[in-house]
Amino acid sequence: MEQKIFISKPATHHLDQNVLQKRIAIAKIGHDIWIDQQEQSLWPQDLNAKQINALEQSKDIDKDLFSPFTYVDNINRQDTLNIKEYKITHKNKLKKISILMKELADLLEITDKKHPYVLRAEHVARGEFLQADAYWVPELDPNLIDIFGAYESYFDQRFGIKREFESLVMIENKEWKIKSEQVKKKYKQFVQNTLSKHGPVNSEVLRPIHVGDVLYCGGRLGGGRTVSAKIIPNWLGPRKVFLMMNTSQAVLEYSVLPISTLYGVTCTLSDYHDFVVGHELSHGLPWRFEEKLFGEYKSALEEFKADLFSIYFASTQDEDFLQGVCSAWLAKGTRAISCLDTKDFGYHQQARTIMINMMTESQVLQVENDEVVIKYQKIQDFITSWVPEIIRIIESKSMLQAKDFYNTYMQVPRIQNDISQQKLEKTRLFVTPELYFEE
Ligand SMILES: [Zn+2]
């Protein structure tokens with residue numbers, strides 16, 4: 001499978017020469033070790049019944065091993081599961097990331113050997129996650145952004161184990177950081193002024209946002225390659241949102257726009273950014289589809305909620321902002337319009353399928369001249385009727401209600417009936433499996 005090296009597109013135009021030189025130097029380091037060989041790790045849903053049974057029955061397995069810092073694999077593809085610590089299975093990556101962190105520190109002229117970031121790099125090398133995070137909790141030099149270790153993924157549901165190892169090094173993107181802060185400020189007002197009418201919500205729910213360009217990626221799922229944003233737990237502190245602007249641009253240009261423009265839907269990087277920030281912040285709201293209540297419906301519905309509230313938020317802003325966010329949402333969702341095969345169909349796309357069907361029903365989405373258009377004047381009514389309904393389902397804590405809702409709308413998009421076969425086939429050609437991985 002062809003791998004696109006997105007690092008070739010660092011957002012450099014706004015940087016002065018000095019910073020640019022540093023960034024190019026860093027990018028070169030990142031480029032050399034850009035994509036590690038794919039992990040041969042096993043995802044819980046890949047386990048066969050016998051293996052699951054063995055795992056659940058096993059008395060030998062120390063439950064502590066299912067900590068965030070362990071890794072389950074069955075490299076031999078037999079019925080035995082090997083549980084190892086990340087610091088063993090990912091030794092080389094930890095070493096690489098530590099070296100890169102130190103190089104970053106050098107480039108930023110940090111000479112103090114006891115500087116927290118240098119100490120952090122040393123703990124990373126040894127796979128000492130908690131000790132390393134102790135140097136992350138107080139905000140360090142904002143130029144330095146890194147992620148390493150396990151992060152919560154969708155694939156940890158059965159055993160509650162953290163299933164993915166991720167290591168990323170980013171450098172702060174100042175231009176976009178300012179934009180993200182502006183959106184966050186607006187969102188904070190939205191929380192205070194508008195959301196409070198649905199119940200108590202504290203603006204403290206807003207998470208810190210880091211905005212950077214990815215220089216190194218050693219993860220498996222593609223964080224930093226096909227991912228725009230991530231919410232990462234810090235083992236000792238609050239969860240943080242990471243926006244990856246160079247890869248967002250790559251996702252937009254290589255994966256989102258090729259399909260969406262065929263439907264007449266385009267958006268700019270700025271629109272995409274505003275949508276992603278709204279989406280990630282909405283995950284932090286107190287109305288959540290919790291796994292223990294909503295089980296298998298939780299992930300798709302939680303993603304749906306994040307999309308819905310990001311549009312709700314945008315609907316309280318000026319028209320340009322609303323149109324930008326809706327265009328970005330639809331640009332991402334156009335993949336759901338073409339795709340019939342729900343196998344491998346990610347939770348975000350399920351969420352978008354649900355919303356596309358709801359919006360079609362409410363005539364917010366219509367087809368004109370074989371192109372999909374959003375009727376902005378109908379958005380307000382759509383929000384007014386659906387937001388309280390979704391909050392009601394969450395507060396009902398009823399799996400049955402969630403299931404009903406999911407089944408009603410998680411269907412082949414009805415809007416397909418209004419689109420020519422020719423157009424559908426043309427767009428399907430672009431929908432390839434590697435495009436399913438996203439934020
Ligand atoms: Zn999300």
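Quantities reported herein were computed from a predicted structural model and do not represent experimental measurements. (Residues numbered from 1 in each chain as written. Predicted model: local features only at pLDDT ≥ 70, side-chain atom pairs only at ≥ 80, totals over all residues.)

1. Notes on the overall build of the chain
Then comes step 1: Per the secondary structure count, the chain includes 16 helices and nine strands.
Then comes step 2: Contacts spanning at least 24 positions in sequence make up 71% of the contacts within the chain whose residues lie at least 6 apart. (Helix = DSSP H or I, 4+ residues; strand = E, 2+ residues; numbered from the N terminus. Contact = placed C-beta atoms within 7 Å.)

2. Digging into the environment of isoleucine 394
Then comes step 1: Within the element layout of this structure, isoleucine 394 appears in helix α14 (residues 379-396).
Then comes step 2: Each C-alpha atom of the pair isoleucine 394 and leucine 293 lies 9.1 Å from the other, and the pair is 101 residues apart in sequence.
Then comes step 3: Apart from residues lying up to four places away in sequence, isoleucine 394 is in contact with Trp287, Arg288 and Phe289.

3. Thoughts on helix α13 (residues 347-361)
Then comes step 1: A rise of 1.5 Å per residue sets the reference length of α13, with its 15 residues, at 21 Å; its end C-alpha atoms lie 21 Å apart and thus fit the reference within 8%.
Then comes step 2: Of all 15 residues in α13, 13 are buried, a share of seventy percent or more.
Then comes step 3: Positive backbone phi, approximately 60 degrees, marks glutamine 363, located one or two places after α13. (Expected span 1.5 Å × (residues − 1). Buried ≥ 20, exposed ≤ 12 C-beta atoms within 10 Å, placed from the backbone.)

4. What about the nonpolar core?
A general tendency of soluble globular proteins is for nonpolar side chains to be buried together.
Then comes step 1: Formed by 82 residues in total, the largest nonpolar core has its most connected members in Met101, Leu243, Leu308, Val325 and Met355.
Then comes step 2: Per-element tally for this core: the top contributor is helix α11 (residues 298-315), with ten residues.
Then comes step 3: Residue assignment places this core across two domains, with domain 1 (19-172 + 207-245) and domain 2 (173-198 + 264-439) each supplying three or more.
Then comes step 4: For methionine 101, the residues in contact, after removing those within four places along its chain, are Tyr117, Arg120, Ala121, Val124, Asp146 and Val169. (Core = buried A, V, L, I, M, F, W, Y, C linked by C-beta atoms within 7 Å. Domains from an automatic or database assignment.)

5. Re the pairing of strand β9 (residues 371-374)
Then comes step 1: The sheet contact formed by strand β8 (residues 365-368) and β9 spans four bridges and is antiparallel. Bridged to valine 367 within β9 is valine 372.
Then comes step 2: In this antiparallel pair of consecutive strands, β8 and β9, the connection spans two residues, and asparagine 369 shows a positive phi of 50 degrees. (Pairing = 2+ DSSP bridges.)

6. Structural notes on unusual backbone geometry
Then comes step 1: The phi dihedral of glutamine 363 is positive, around 60 degrees, even though this residue is not glycine.
Then comes step 2: Within the element layout of this structure, glutamine 363 appears in the loop between α13 and β8.

7. Notes on the packing of α11 against α13
Then comes step 1: Two elements in contact, α11 and α13, have axes separated by 8 Å at closest approach and are oriented at 60 degrees. It follows from the interaxial angle that α11 and α13 lie oblique. The hand of the α11/α13 crossing is right-handed. Along its contact with α11, which presents Ser299, Ala300, Glu303, Phe304, Asp307 and Leu308, the element α13 presents Tyr347, His348, Gln350, Ala351, Arg352, Ile354 and Met355.
Then comes step 2: For the contact of α11 with α13, the residue count by class is seven nonpolar, three polar and three charged. (Axes fitted to C-alpha atoms, helices over the stretch in contact; angles between N-to-C directions. Parallel < 35°, antiparallel > 145°, perpendicular 65-115°, else oblique. Left-handed = near helix turned anticlockwise from the far one by under 90°. Nonpolar A, V, L, I, M, F, W, Y, C, P; charged D, E, K, R; others polar.)

8. What about the environment of glutamine 422?
Then comes step 1: For glutamine 422, the position within the fold is in helix α16 (residues 421-428).
Then comes step 2: Residue class for glutamine 422 comes out exposed when judged on the 9 C-beta atoms lying within 10 Å of it.
Then comes step 3: As a C-alpha pair, glutamine 422 and aspartate 370 span 52 residues in sequence and 9.9 Å in three-dimensional space.

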